[in-house]
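So the chains spell out like this:
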Amino acid sequence: MSSPEPLRLAAPRFGDDALDALAEVLAGGRLTQGPKVAAFEEAIASYCGVPHAVATTSASTALHVVLAALDLGPGDEVVVPDFTYPATGNAVLQTGASLRLVDVDPRTYNVDPDRLAHALTERTKAVIAVDLFGLPADYTALDVGDVPLVCDAACALGAEWDGRRCGAIGAAACFSFHPRKVLTTGEGGMVTTADDALAARLRRLVNHGSERDGWRSTFVEPGFNYRLSELQAALGLVQVPHHDAVVERRRELAARLSDLLADVDGIELPFEPPYARHCWQAYVCVVDEDVDRDALIAALRERGVESTLGTYALHAEPAYAGSGEFPVSLSLARRTLALPLHEKLADDDPQRVADAIGDCLRRL
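The following refers to the structure shown.

Conventions used here
Residues numbered from 1 in each chain as written. Predicted model: local features only at pLDDT ≥ 70, side-chain atom pairs only at ≥ 80, totals over all residues. Heavy atoms only, no water. Helix = DSSP H or I, 4+ residues; strand = E, 2+ residues; numbered from the N terminus. Rg over C-alpha atoms; globule rule 2.2 N^0.38 Å. Buried < 20%, exposed > 50% of the residue type's maximum accessible area, 1.4 Å probe, protein only. Contact = heavy atoms within 4.5 Å. Areas by Shrake-Rupley, 256 points an atom, 1.4 Å probe, with all protein chains shown as cover. Axes fitted to C-alpha atoms, helices over the stretch in contact; angles between N-to-C directions. Parallel < 35°, antiparallel > 145°, perpendicular 65-115°, else oblique. Left-handed = near helix turned anticlockwise from the far one by under 90°. Nonpolar A, V, L, I, M, F, W, Y, C, P; charged D, E, K, R; others polar. Pairing = 2+ DSSP bridges. 1 Å grid on protein atoms, 1.4 Å probe; cavity = no way out; pocket = protein on both sides within 12 Å on 5 of 7 lines; lining within 4 Å. Points joined across faces, edges and corners; volume = space filled by probe spheres on them. Core = buried A, V, L, I, M, F, W, Y, C linked by side-chain atoms within 4.5 Å. Polar contact = N/O pair within 3.5 Å; in protein donor to acceptor, adjacent residues only side chain to side chain.

A count of helices and strands for the chain gives eleven helices and 15 strands. Relative to its length of 364 residues, the chain is compact, with a C-alpha radius of gyration of 21 Å against a globular reference of 21 Å. In terms of overall dimensions, the chain has a C-alpha envelope of 65 × 55 × 35 Å along the principal axes. The burial tally for the chain puts 57% of its 364 residues in the buried class. Within the chain, residue pairs in contact and separated by at least 24 positions form 67% of the contacts whose partners lie at least 6 positions apart. Summing over all exposed atoms, the chain offers an accessible surface of approximately 16,000 Å²; the carbon and sulfur share of this is 49%.

Here you go:
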């Protein structure tokens, strides 16, 4: 009897409409700065409930261009949760500003509001809140005063906070369309904002700092080449109408996984607080202190269940050494476990994942 196919962490699904959309762009011959990018921007803005969306090459460049548009530079500080993918911190350092890390809440994995409040200084020029794994930060409790709040919503398209969709919170929100995200264009990103002036400057900065009048461009300020291609936009555009259904399927699978893992010793389940609607870009649980998480990952992979760490404690990485001590973040970086969760999973696949985890934990 042959072994079942391995269960992957992520597995994007595309239909014939995606192939048709790509073929249309190729046949038309316009591969950049065309109608598909404009339509994709409009679709994401409408989905999030904001007037503006500006496409970029990734969430990393989305974050960077927002911080650049806020005129951050040397002498400024940006507060960032320590438990996040390094792209969040990199965007700050690339502006020349200083990174001020803060610890996170052990249940939500998102920034701890109390610690954030104590981290604000007169040099703080922006705060980045991360909606980690698709769970919105606790914006109800975040008090940043007049400091611009930038939402790293890379994982959170389709998630909601207090009935509002991620993308409609803060001065700006930044999304990712990486292959592990719920909606993917291969690589790609988007900034959403309700600020007309900020949106205008973002559009200028992503295209070399230029403004266009007819066929002629005027270069108003130094900018970047952060333009999304027409092919990527076409791929994203066909997914937007189905996005809510995809999120709902992920919510069903996540609930099933949690039910199955509830009685497994050694696992702490992910938490969805009352103010949030998780979109489940990733299903991330926490193993007990006495469990060798890395050995568990290796054992699961031998069983055909792909898994990995949740994300990183920035201060523990060489690039951010000397940033301070953040015990909750460090513990989560050592103990979080991401499990397969995507719409290609069959109804019985969560049972396979839970059985594998239970068996591997008994053997470790």
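Back to the text.
What follows deals with the packing of helix H3 (residues 59–69) against helix H6 (residues 196–205). Packing of H3 against H6 leaves a shortest axis separation of 10 Å and a crossing angle of 120°. Regarding the angle of H3 to H6, the classification is oblique. Judged by the twist between their axes, the crossing of H3 over H6 is right-handed. Contacts between H3 and H6 involve Val65, Val66, Ala68 and Ala69 from the former and Leu198, Arg201, Leu202 and Leu205 from the latter. Classifying every residue of the contact of H3 with H6 gives seven nonpolar, no polar and one charged.

Here we take up helix H7 (residues 230–237). Within the span of H7, buried status applies to Glu230, Ala233, Ala234, Leu235 and Gly236. Where H7 is buried, its residues touch helix H1 (16–28) and helix H2 (35–48).

With that settled, consider unusual backbone geometry. Positive phi, close to 70°, is recorded for Tyr109, a residue that is not glycine. Its identity is not glycine, yet Trp280 carries a phi of approximately 55°, on the positive side. When you line up the elements, Trp280 lands in the loop between strand E13 (276–277) and strand E14 (283–287).

Turning our attention to the sheet that holds strand E2 (residues 77–81). Taken in spatial order, the seven strands make up an open sheet running E1-E9-E8-E5-E4-E2-E3, and their pairing is mixed. The sheet terminates laterally at strand E1 (52–56) and strand E3 (98–102), the two strands that pair on one side only. Neighbour-to-neighbour, the strand axes of this sheet turn through a mean angle of 20°, independent of strand direction. Across five bridges, the pairing between E1 and strand E9 (residues 189–193) is antiparallel.

What follows covers the layout of surface pockets. The computed volume of the largest pocket comes to approximately 580 Å³. Forming the boundary of the largest pocket are 28 residues, of which Tyr85, Cys155, His178, Lys181 and Thr311 lie nearest the centre. Those elements that place two or more of their residues in the lining of the largest pocket are H3 and helix H4 (86–93). Partitioning the lining of the largest pocket into residue classes produces 14 nonpolar, ten polar and four charged. Each pocket or cavity is described by its volume, and for the second largest pocket that value is around 380 Å³. Counting only elements with at least two residues in the lining of the second largest pocket, the list comes to H2, E1, H6 and strand E10 (210–213). Across the lining of the second largest pocket, the residue classes break down as six nonpolar, six polar and six charged.

Before going further, it helps to spend a moment on the environment of Leu183. One can find Leu183 in the loop between strand E8 (172–176) and E9. Residue Leu183 is classed as buried on the basis of its relative accessible area of 2%. Residues Leu183 and Pro81, spaced 102 residues apart in sequence, show a C-alpha to C-alpha distance of 24 Å. Discounting residues that sit within four places of it in the chain, Leu183 has contacts with Phe40, Leu157, Ser176, Phe177, His178, Gly236, Gln239, Val240 and His243.

Phe40, Ile44, Tyr139, Leu157, Phe177 and Met190 are the most contacted members of the largest nonpolar core, which has 47 residues in total. Counting only elements with at least two residues in this core, the list comes to H2, E1, helix H5 (113–119), strand E4 (124–130), strand E5 (149–152), E8 and helix H8 (243–261). Considering each element in turn, this core owes the most residues, seven residues, to H2. Beyond its immediate chain neighbours, meaning those up to four positions away, Phe177 contacts Phe40, Ile44, Leu157, Leu183, Thr184, Thr185, Gly186, Glu187, Gly188, Gly189 and Met190. Residues Ala68, Ala69, Ala91 and Val328 belong to the second largest nonpolar core, which totals 44 residues.

A separate point is the sheet that holds E13. Sheets are built from strands paired through backbone hydrogen bonds, the pairs being either parallel or antiparallel. One open sheet accounts for three strands, arranged E7-E6-E13; its pairing is antiparallel. With one partner strand each, in any of the chains shown, strand E7 (164–165) and E13 form the two edges of the open sheet.

Within the secondary structure, Thr192 is located in strand E9. At 2.8 Å, the side chain of Thr192 and the backbone oxygen of Gly167 are in polar contact. Every residue in contact with Thr192, bar those within four places of it in the chain, is listed here: Ile44, Cys48, Val50, His52, Ala53, Gly167, Ala172, Ala173 and Phe175.

Burial within E14 is extensive, with five of its five residues counted as buried. Judged by which residues are buried, E14 turns out to be covered on both faces: Tyr283, Cys285 and Val287 on one side and Val284 and Val286 on the other are all buried. Examined bridge by bridge, strand E12 (residues 267–268) and E14 share two bridges and lie antiparallel to one another. Each bridged residue has a counterpart across the sheet, and for Ile267 the counterpart in E14 is Val287. Note that E14 and strand E15 (residues 336–339) share four bridges and pair antiparallel. Looking at the pairing, Tyr283 lines up with Leu339 of E15.

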